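As a plain string of letters, each chain reads:
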Amino acid sequence: MIEDHFDLEKLRLPPGETPEKWVVRVPLKTQKRRQHFVKVPWTWVERLRGATGQTYRMALCLLYLHWKGRGEPVKLANGMLRIDGISRQTKWRVLGDLERRGLIAIERRPQRSPIVRVLA
């Protein structure tokens, strides 16, 4: 018979002690972003009736960026949207949908991020 010298109790941490490398730290930028909110005009709510979830998500992102940019047109890069769970292909599909609904105007630029103007 083989003796097992493995003692699980020697490997346990005392209660309340957690190694630093196991603690998940949320970046400060993410913490601050989570405190922000989006104010949605009622006309947008009416025009978004029947839209998909991704369309709503993009609409909220655009309204937030419009507010943060003080009403200036928004350069819509893929990296920023990837953080919010919107892929490159979804971005273009949803932008077309929002444009058809009369909520935004898009300046399409070959091989570059589009510039989006939020319409009042």
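Residues numbered from 1 in each chain as written. Predicted model: local features only at pLDDT ≥ 70, side-chain atom pairs only at ≥ 80, totals over all residues. Heavy atoms only, no water.

Draft legend 1. Local environment of helix α6 (residues 88-100). Counted at 1.5 Å a residue, the expected span for α6 with its 13 residues is 18 Å, and the 19 Å between its end C-alpha atoms agrees. Of all the positions in α6, only Thr-90, Lys-91, Val-94, Leu-95, Gly-96, Asp-97 and Leu-98 are classed as buried. Phi turns positive one or two residues past the end of α6, at Gly-102, with a value near 80 degrees. (Helix = DSSP H or I, 4+ residues; strand = E, 2+ residues; numbered from the N terminus. Expected span 1.5 Å × (residues − 1). Buried < 20%, exposed > 50% of the residue type's maximum accessible area, 1.4 Å probe, protein only.)

Draft legend 2. Structural view of the nonpolar core. Of all hydrophobic cores here, the largest spans 22 residues; its most connected members are Trp-44, Met-58, Leu-62, Leu-76, Leu-95, Leu-98 and Ile-104. Among the elements of the structure, α4 (53-68), α6, β2 (104-107) and β3 (115-118) are those that each provide at least two residues to this core. With seven residues, α4 is the single largest residue contributor to this core. (Core = buried A, V, L, I, M, F, W, Y, C linked by side-chain atoms within 4.5 Å.)

Draft legend 3. Representation of α4 in the model. If you check α4, its first and last C-alpha atoms are 23 Å apart, about what 16 residues at 1.5 Å a residue would give, namely 22 Å. Thr-55, Met-58, Ala-59, Cys-61, Leu-62, Leu-63, Tyr-64 and Leu-65 are the residues of α4 that are buried. At its buried positions, α4 is contacted by α3 (42-47), β1 (74-75), α5 (78-83), α6, β2 and β3. Of the residues one or two after α4, Arg-70 is the one with positive phi, at around 60 degrees. (Contact = heavy atoms within 4.5 Å.)

Draft legend 4. Representation of the packing of aromatic side chains. For the coordinates displayed, the defined rule picks out one aromatic pair. Pairing Tyr-64 with Trp-67 gives two aromatic rings, centres 5.9 Å apart and planes at 45 degrees, and the pair type is tilted. Of this pair, Tyr-64 and Trp-67 are both found in helix α4, three residues apart, which corresponds to roughly one turn of the helix. Assessed through its relative accessible area of 11%, Tyr-64 is described here as buried. (Phe/Tyr/Trp six-rings, centres within 6.5 Å; stacked < 30°, edge-to-face > 60°.)

Draft legend 5. The arrangement of the sheet that holds β2 in detail. Strand order in the open sheet made by the three strands is β1-β3-β2, with antiparallel pairing throughout. Two strands close off the open sheet at either side, each with one partner strand: β1 and β2. Pairing of β2 with β3, which is carried by four bridges, proceeds in the antiparallel orientation. What sits directly across from Ala-105, in β3, is Arg-117. (Pairing = 2+ DSSP bridges.)

Fair warning: the whole summary comes from geometry, so function is off the table for now.
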